[in-house]
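# Analysis of the macromolecular model
Given next are the chains, with one letter for each unit.
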Amino acid sequence: MPIEILPDEIASQIAAGEVVERPASVVKELVENAIDAGAQNIEVRTLEAGQQLINIRDDGQGIPADELQLAVTRHATSKLRSAEDLFRVNTLGFRGEALASIGSVSRMTITSRVEGADSGAQLHVEGGIVGQLERIGAPRGTEILVSDLFYNVPARRKFLKSDQTERRHIDETLTNYALAYPQIRFVLEQEGKIALQTTGNGERKEIMAAIYGFDIARQMLEVIAQEGDIGVTGLISPGSLTRSNRRAIQFFVNGRPVQDYSLTAALLQGYHTLLMTGRYPFAQVFIDMPSDRVDVNVHPTKAEVRFRDRDEVFMAIQRAIRRALLAYSPIPELRSQYQWQPGEHNFPTTWEPNRGQINPEVESADPLVSIGPQESPELPHTRMPVLRLVGQIAAAYLIAEGPDGLYLIDQHAAHERVLFERFLRQAGDQVASQRLLEPVVVELPPASSRLLEQQLSVLHQLGFAVEAFGRNSYLVRAVPNLLAGMDPAAAIRVLVEDFEEDETPLQGKLEEKVIARVCKRAAVKAGQVLSEQEQK
Ligand code: ADP
Ligand code: MG
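Because the structure is predicted, anything quoted here is derived from the model rather than measured. (Residues numbered from 1 in each chain as written. Chains lettered and ligands numbered in written order. Predicted model: local features only at pLDDT ≥ 70, side-chain atom pairs only at ≥ 80, totals over all residues. Heavy atoms only, no water.)

## Concerning the environment of V72
Test applied: Each helix is a run of DSSP H or I of at least 4 residues and each strand a run of E of at least 2, with the numbering of both proceeding from the N terminus. Residues are treated as being in contact if the distance between any of their heavy atoms lies within 4.5 Å.
Within the secondary structure layout, V72 lies in the loop between α3 (68-71) and α4 (98-104). Note: C-alpha distance between V72 and L99 (27 residues apart in sequence) is 5.0 Å. Apart from the residues lying within four places of it in its own chain, the contact partners of V72 are L99, A100, M108, I110, L123, V125 and V130.

## Quick notes on the nonpolar core
Inclusion rule: We call a set of buried Ala, Val, Leu, Ile, Met, Phe, Trp, Tyr and Cys residues a nonpolar core when their side-chain atoms join them within 4.5 Å. Only protein chains enter the calculation, and the probe is 1.4 Å; a residue is then buried if its accessible area is under 20% of its type maximum, exposed if over 50%, and partly exposed in between.
In this structure, V31, I35, I42, M108, V146 and F186 are the most contacted members of the largest nonpolar core, which totals 61 residues. When residues of this core are assigned to their parent elements, the largest contribution, seven residues, is made by helix α2 (residues 23-36). When sequence neighbours within four positions are dropped, the list of residues in contact with V146 reads V26, L30, Q52, L53, I54, I102, S106, R107 and M108. If you look at the next biggest cluster of nonpolar residues, it comprises 36 residues, including L267, I287, V305 and F307.

## Overview of the site of ligand 1
We apply this condition: Nearness is judged by heavy atoms alone; a residue qualifies as near a molecule or strand once a single heavy atom is within 4 Å of it. Throughout this description, a polar contact denotes any pair of N or O atoms lying within 3.5 Å of each other; where both atoms belong to protein, one of them has to be capable of donating a hydrogen while the other can accept it, and for residues adjacent in sequence the pair is counted only when both atoms sit in side chains. All accessibility values rest on the Shrake-Rupley procedure with a 1.4 Å probe; residue burial counts only the protein chains present in the view. Polar here means any residue other than Ala, Val, Leu, Ile, Met, Phe, Trp, Tyr, Cys and Pro, which are nonpolar, and Asp, Glu, Lys and Arg, which are charged; Gly is therefore polar.
Inspection of the region around ligand 1 gives 19 residues, with N33, T77, S78, K79 and G96 positioned closest. Between an oxygen atom of ligand 1 and a side-chain N or O atom of T77, the distance comes to 2.6 Å. One of the side-chain N or O atoms of K79 is found 2.7 Å from an oxygen atom in ligand 1. For ligand 1, whose free accessible area comes to 530 Å², the fraction covered by protein is 93%. In the shell around ligand 1, the residues fall into eight nonpolar, seven polar and four charged.

## Some remarks on unusual backbone geometry
Peptide bonds are trans in most cases, and residues, glycine excluded, mostly fall at negative phi. Positive phi is not limited to glycine here, since D148 has a value of about 50°. Along the polypeptide, D148 turns up in the loop between β7 (141-147) and α5 (154-158). Even without being a glycine, T273 presents a positive backbone phi close to 70°.

## A word on the side chain of T175
When you line up the elements, T175 lands in helix α6 (residues 163-180). Relative accessible area serves as the criterion here: at 10%, T175 is assigned to the buried category. The residues contacting T175, other than those within four sequence positions of it, are L196 and I211.

## Topic: the packing of α6 against helix α7 (residues 204-212)
We apply this condition: Lines are fitted to the C-alpha atoms to define the axes, a helix being fitted only along its stretch in contact, and any angle between axes, read from their N-to-C directions, falls within 0 to 180 degrees. Should an angle fall under 35 degrees it is called roughly parallel, over 145 degrees roughly antiparallel, and 65 to 115 degrees roughly perpendicular, with every other angle called oblique. Each helix crossing is assigned a hand: it is left-handed if the near helix lies turned anticlockwise from the far helix by less than a right angle, otherwise right-handed if that turn is clockwise.
Across the interface, α6 lies against α7 with an axial gap of 9 Å and an inter-helix angle of 160°. As the angle between them shows, α6 and α7 are arranged roughly antiparallel. Every pair of crossing elements has a handedness; the one defined by α6 and α7 is right-handed. Packed against α6, whose contacting residues are T175, A178, L179 and A180, the element α7 presents R204, I207, M208 and I211 at the interface. Residue classes in the contact of α6 with α7 are distributed as six nonpolar, one polar and one charged.

## Concerning a nonpolar patch on the surface
We apply this condition: Here the term patch refers to residues with relative accessible area over 30% and no salt bridge, with like charges joined within 9 Å and nonpolar side chains (Val, Leu, Ile, Met, Phe, Trp, Tyr) within 5 Å. Put simply, a salt bridge is a Lys or Arg side-chain nitrogen that is within 4 Å of an Asp or Glu carboxyl oxygen.
Taken together, L6, I10 and I14 make up a surface patch of nonpolar side chains, about 270 Å² in accessible area. Mapped onto the fold, L6 is located in the segment before α1 (8-19).

## Observations regarding the pattern of salt bridges
A full pass over the atoms with the stated rule returns 27 salt bridges. Close ionic contact of R310 with D260 constitutes a salt bridge, the shortest N to O distance being 3.3 Å. Taken together, the residues R310 in helix α10 (residues 310-328) and D260 in the loop between β14 (256-258) and α9 (261-270) connect sequence positions 50 residues apart. Judged by its relative accessible area of 30%, R310 is partly exposed. A network of salt bridges, in which partner residues are shared, links K28, E29, E32 and K302.

## Side note on the packing of aromatic side chains
As a reminder of what qualifies: Only Phe, Tyr and Trp rings are paired, with Trp represented by its six-membered ring, and only when their centres lie within 6.5 Å; those with planes under 30 degrees apart are stacked, over 60 edge-to-face, the remainder tilted. Any Lys NZ or Arg CZ found within 6 Å of a ring centre and within 35 degrees of that ring's normal is scored as a charge over the ring.
Summed over all chains, the structure comprises two aromatic pairs. Between Y212 and F282, the ring centres sit 5.1 Å apart and the planes meet at 85°, which makes this aromatic pair edge-to-face. Taken as a pair, Y212 in helix α7 and F282 in the loop between β15 (280-281) and β16 (283-288) lie far apart in primary sequence, 70 residues in all. Grouping residues by exposure puts Y212 and F282 together as buried. Between F252 and F286, the ring centres sit 4.5 Å apart and the planes meet at 15°, which makes this aromatic pair stacked. Here F286 lies in strand β16 and F252 lies in strand β13 (residues 249-253), a separation of 34 residues in the sequence. The pair formed by F252 and F286 is uniform in burial state, with each residue classed as buried. The ring of Y151 has R107 sitting right over it, with the charged end atom 3.9 Å from the ring centre. The ring centre of F286 lies 3.5 Å from the NZ or CZ of R204, which sits over that ring.

And the structure:
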């Protein structure tokens, strides 16, 4: 084919592809615009995971009627004037691309009024075609309706994940900005239900509570440090409050949520020796520095930044985190980490300091990986010879004598296997379940509660009775007999955490996976002294 310049319409759709990847990208750009406009109140509503409708209202300064048509044009911005400005960006937006991009892949209506204007103005954009400006009464601020996202780019639609996942991305986007701007009141409503609501009173801990529940927010430690012109503030969890993935770690640079592995690495170094292998803290860390020391123009969605002096930032984070951890939580003596709990089969949760600080090696060695249901749904029927029990050593291994010699049995792995086989035998029939004397309330972040909702019926089959109890709260009424000794709230949290690890819907194998996880959590751990009966 000969070389030709692409028609504007196609060029802008290509450009839009960089910025608008999924419904959450639209939410992100429009929320950023509202924040840049000085809004005190930002309300976001979505339908069908943002694909049918994204509606965002703000009470910011508004767009003057005579600039509205310009606002939806590519490279039109009020935030940047010269190339030098690019190296001292103090706003979240600066490229003048978002409105044009969103307008080229949806049907978008903008209504806005500035202070002092006697009427507002409205503009409709459909697939990049800009309509007539209309005068209309409107409150001060801006309201944008984005409907039928990607209606003209069906290929893009196909790349979207399940509604559940897309909603979760929207939840996370709003959550991030709510944390970064605690003095702004945010409301997020998805499918008619409030998913997140903040008061705008500036209290980050309250927002943490709205997201992760009071229990977790209460334990968060405050970071406040200043090194030269680099400020590091935020909330981090003590080493005893961890998760199995990095998803609760978020960095913000000058109010902008960013993804950056080296920042996470600096954070984890700050935790050095205070975390078990494979465990990650909760952390919301805000880095503030002069805007000319950080380049924000390196990524189409502005999700990455480049520091002029990376090492300095890295060190500042590491030291700030370390200092906060040491100030609040003196390192426990080794003795208390391996406390013996004779006869106790309670589930040691990572949410309770000084309990369940179990041998990291045993925790991370996952015996089910080799024998697990994924590879071989039919468990091998290897017969164990008759063994004579000799005893327990190091509160971690059982010693037995068999026909061919000495057996050293990992008590955690062995118990897990026993529970797993027992559970599998029950599966299909009614799994024995124990009603709790008092139902327990579990609060979850909006994103996690969506995951849990998806899995309620599977959990039910496994002997859990869990029901929704208000927004992002669940009532646990019964747990499988196997988990009777375990803190029910912790059990649910652990399972949800495991669901989070998996992006793909599990289905089919789900039940077995859940069983495997439940058993892993319920099995006795290293460090537990067992009675002779239990050893047998
Ligand atoms: P950018 O944010 O990079 O400038 P956008 O395409 O997102 O580019 O927006 C274009 C312009 O429209 C902005 O520079 C701003 O002047 C105006 N604008 C967009 N959204 C709002 C809003 N919610 N309130 C006030 N002005 C807005
Ligand atoms: Mg913008």
